[in-house]
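# Coordinate analysis (summary)
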Amino acid sequence: MQTKMRAFRAAFPYTVPICAGFTFLGLAYGIYMNSMGFSFLYPMLMSITIFAGSMEFVTVGLLVSPFHPLHAFALALMVNARHLFYGISMLDKYRDTGKKKWYLIFGMCDESFSINCSVQPPAQVDKGWFMFFVTLLNHCYWFIGSTLGGLLGSFIHFSTEGIEFVMTALFVVIFLDQWFSQKEHLPAVVGVSASALCLIAFGSGNFIVPAMALILILLLLFKKRLEQRMEVEES
Amino acid sequence: MSLGQTILTVAAVVLGTMVTRFLPFLLFPADKPTPKVIKYLGKVLPCAVIGLLVVYCLKDVAVLSWPYGLPELIGIGATAALHWWKRNMLLSIAGGTVLYMVLVQLVFL
């Protein structure tokens, strides 16, 4: 019990910015579904089961188009393909987390991944439970925001334009933290420049998969050099 | 769409999403040694992917028309400067976001 409490207390502060972002985005998503004529049960259940923000917005569009489950499946694969990279990055970190591992993988959204892959909790805190609570809290924020949005839908009028920037700011901060903590900046530079290049070349709707491919190719090309430099760093 | 079709569509989306999350863990189980090249990617990918996420957040910014992505540029600059200076995650995020909201609501109309 104490282990869990300590992990919860260590995890909570990291999730506060996400609470702000998810409550807002969740509200927006719930309100959107409401405006398309869906009961609050839809955003409520979809926020629990899909738990991948951008894909849930896309799914609303699928639900008002002709029935085509294979297309829905393929689209979900494409939109969420970046999760494959998260998984490869977390193979080691999730290794000894016992049964929690299945939930950690299930709930690995962008925000939970970015905290769990970069934050080193204090030594007395259990890492598995820390990552578990980061994931669970984020899942709860998204669920609460979406459900409330679906319920309150037509009553809410926002003057909070721009609050979605909280996600951008979060990723910028995590990017900088990783930059400060590592001597080897090539992977970070490859990530930004390959993505920017593909965004310009393929446009905002189609750039993720080519960007992932280009990142993979470049990192594999630089493998020998990077491994040598990282070995020097470790020793 | 009937209720059954709606449920099937949502189920297909859940399945697709879960394939992307679980596949690496099914391909490289914990009890077997992970191939060296995958281990290497596990080390270098996190930094690269966070870079991808930053770009992903900015994907719909129109840089060729007013306000030319200036609110985003200033917002990111402020977030980074605050973080460089104080290294306090919450302060950097709150500061950058509030500034951005002021910019899009009051300055760049």
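Nothing here was measured: the structure is a model prediction, and the numbers come from that model.

Turning to the overall build of chain A, a few remarks are in order. Tallying secondary structure elements over chain A gives 12 helices and zero strands in all. Against the compact-globule benchmark of 18 Å for 235 residues, chain A has a radius of gyration of 19 Å, which places it among compact chains. Counting only residues that meet the buried cut, chain A has 49% of its 235 residues in that class. Long-range pairs, those at least 24 residues apart, make up 74% of the contacts in chain A between residues at least 6 apart in sequence. If you sum the accessible surface of chain A, you get close to 10900 Å²; carbon and sulfur atoms cover 68% of it. A distance of 8 Å separates the average location of the 15 positive side-chain charges in chain A from that of its 14 negative side-chain charges.

Check the secondary structure of chain B and you find four helices and zero strands. At 21 Å, chain B has a C-alpha radius of gyration far larger than the 13 Å of a compact globule built from 109 residues. Principal-axis analysis of the C-alpha atoms gives chain B an extent of 55 × 50 × 30 Å. Relative to its full complement of 109 residues, chain B shows a buried share of 46%. Intrachain contacts of chain B at a sequence separation of at least 6 include 36% that bridge at least 24 residues. Only carbon and sulfur atoms are counted for the fraction: they give 73% of the accessible area of chain B, which is about 5600 Å².

Next up on the list: the pattern of salt bridges. Applying the stated criterion across every chain, the model contains five salt bridges over all chains. Across the pair Lys 223 of chain A and Glu 227 of chain A runs a salt bridge whose closest N-O atoms are separated by 3.5 Å. Linking Lys 223 of chain A with Glu 227 of chain A, this pair stays in helix 12 (residues 223–234), spanning four residues, or about one helical turn. On the basis of relative accessibility, which here comes to 23%, the residue Lys 223 of chain A falls in the partly exposed class. The class of Glu 227 of chain A is partly exposed, set by a relative accessible area of 27%. With its nearest N and O atoms 3.1 Å apart, the salt bridge here joins Lys 59 of chain B to Asp 60 of chain B.

Taken together, the 93 residues of chain A in the interface contact 66 residues of chain B. Overall, the association of chain A and chain B removes approximately 7000 Å² of surface from exposure, summing both partners, and the carbon and sulfur fraction of that is 79%. When residues of chain A are sorted by the area they lose upon contact with chain B, Phe 67, Leu 91 and Phe 165 of chain A head the list and together hold 10% of the total. Linking chain A to chain B there are 11 residue pairs in polar contact (both at pLDDT 80 or more). Here the side of chain A that touches chain B takes 15 residues from helix 9 (residues 165–181) of chain A, the largest share from any one element.

Our focus in this paragraph is the side chain of Glu 111 of chain A. Residue and element names in this part refer to chain A. Looking at where Glu 111 falls in the secondary structure, it is placed in helix 7 (residues 110–118). Of the side chains with opposite charge, Arg 82 lies nearest to the buried Glu 111, which makes no salt bridge, at 7.1 Å. The contact partners of Glu 111, leaving out residues within four places of it in the chain, are Ile 18, Phe 22, Asn 138, Met 167, Leu 170 and Phe 171.

A word on the UniProt feature "transmembrane region" (unreviewed entry) in chain B. The residues that UniProt annotates with the feature "transmembrane region" (unreviewed entry) are residues 6–28, 40–58, 64–82 and 89–108 of chain B. End C-alpha to end C-alpha, residues 89–108 of chain B measures 26 Å, and it is 95% helix and 0% strand.

Below, the discussion takes up the domain arrangement of chain B. On domain assignment, one finds that chain B holds domain 1 (1–25), domain 2 (33–60) and domain 3 (63–109). Using only C-alpha atoms to locate each centre, domain 1 of chain B and domain 3 of chain B end up separated by 36 Å.

Their axes nearest at 8 Å, the elements helix 5 (residues 82–90) of chain A and helix 2 (residues 36–57) of chain B cross at an angle of 140 degrees. One element, helix 5 of chain A, and the other, helix 2 of chain B, form an angle in the oblique class. Judged by the twist between their axes, the crossing of helix 5 of chain A over helix 2 of chain B is left-handed. Where helix 5 of chain A abuts helix 2 of chain B, its residues Arg 82, Phe 85, Tyr 86, Ile 88 and Ser 89 of chain A lie against Ile 38, Leu 41, Gly 42, Leu 45, Pro 46, Val 49, Leu 53 and Tyr 56 of chain B. Tallied by class, the residues present in the contact of helix 5 of chain A with helix 2 of chain B amount to 10 nonpolar, two polar and one charged.

With that settled, consider the UniProt feature "transmembrane region" (unreviewed entry) in chain A. All names here are of chain A. UniProt's feature table lists "transmembrane region" (unreviewed entry) at residues 12–32, 44–64, 129–151, 163–180 and 192–222, given in the numbering used throughout. Secondary structure within residues 163–180 divides into 89% helix and 0% strand; the distance between the first and last C-alpha atoms comes to 27 Å. Here residues 192–222 runs as 81% helix and 0% strand, with 16 Å between its end C-alpha atoms.

Here we come to a nonpolar patch on the surface. All names here are of chain A. A surface patch of nonpolar side chains, amounting to about 730 Å² of accessible area, comprises Phe 40, Leu 41, Leu 45, Ile 144, Leu 148, Leu 151, Leu 152 and Phe 155. Of all the secondary-structure elements, those providing two or more residues to the nonpolar patch are helix 2 (41–49) and helix 8 (127–152). Counting residues per element, the nonpolar patch draws most heavily on helix 8, which supplies four residues. With respect to the helices and strands, Leu 148 occurs in helix 8. For Leu 148, a relative accessible area of 35% translates into the label partly exposed.

The rules behind these values
Residues numbered from 1 in each chain as written. Chains lettered and ligands numbered in written order. Predicted model: local features only at pLDDT ≥ 70, side-chain atom pairs only at ≥ 80, totals over all residues. Heavy atoms only, no water. Helix = DSSP H or I, 4+ residues; strand = E, 2+ residues; numbered from the N terminus. Rg over C-alpha atoms; globule rule 2.2 N^0.38 Å. Buried < 20%, exposed > 50% of the residue type's maximum accessible area, 1.4 Å probe, protein only. Contact = heavy atoms within 4.5 Å. Areas by Shrake-Rupley, 256 points an atom, 1.4 Å probe, with all protein chains shown as cover. Lys, Arg positive; Asp, Glu negative; His and termini not counted. Charge placed at Lys NZ, Arg CZ, Asp CG, Glu CD. Salt bridge = Lys/Arg side-chain N within 4 Å of Asp/Glu carboxyl O. Buried area = accessible area lost by both parts, 1.4 Å probe. Polar contact = N/O pair within 3.5 Å; in protein donor to acceptor, adjacent residues only side chain to side chain. UniProt positions renumbered as here; feature names shortened; annotations may be inferred. Domains from an automatic or database assignment. Axes fitted to C-alpha atoms, helices over the stretch in contact; angles between N-to-C directions. Parallel < 35°, antiparallel > 145°, perpendicular 65-115°, else oblique. Left-handed = near helix turned anticlockwise from the far one by under 90°. Nonpolar A, V, L, I, M, F, W, Y, C, P; charged D, E, K, R; others polar. Patch = residues over 30% accessible without salt bridge, like charges linked within 9 Å, V, L, I, M, F, W, Y side chains within 5 Å.

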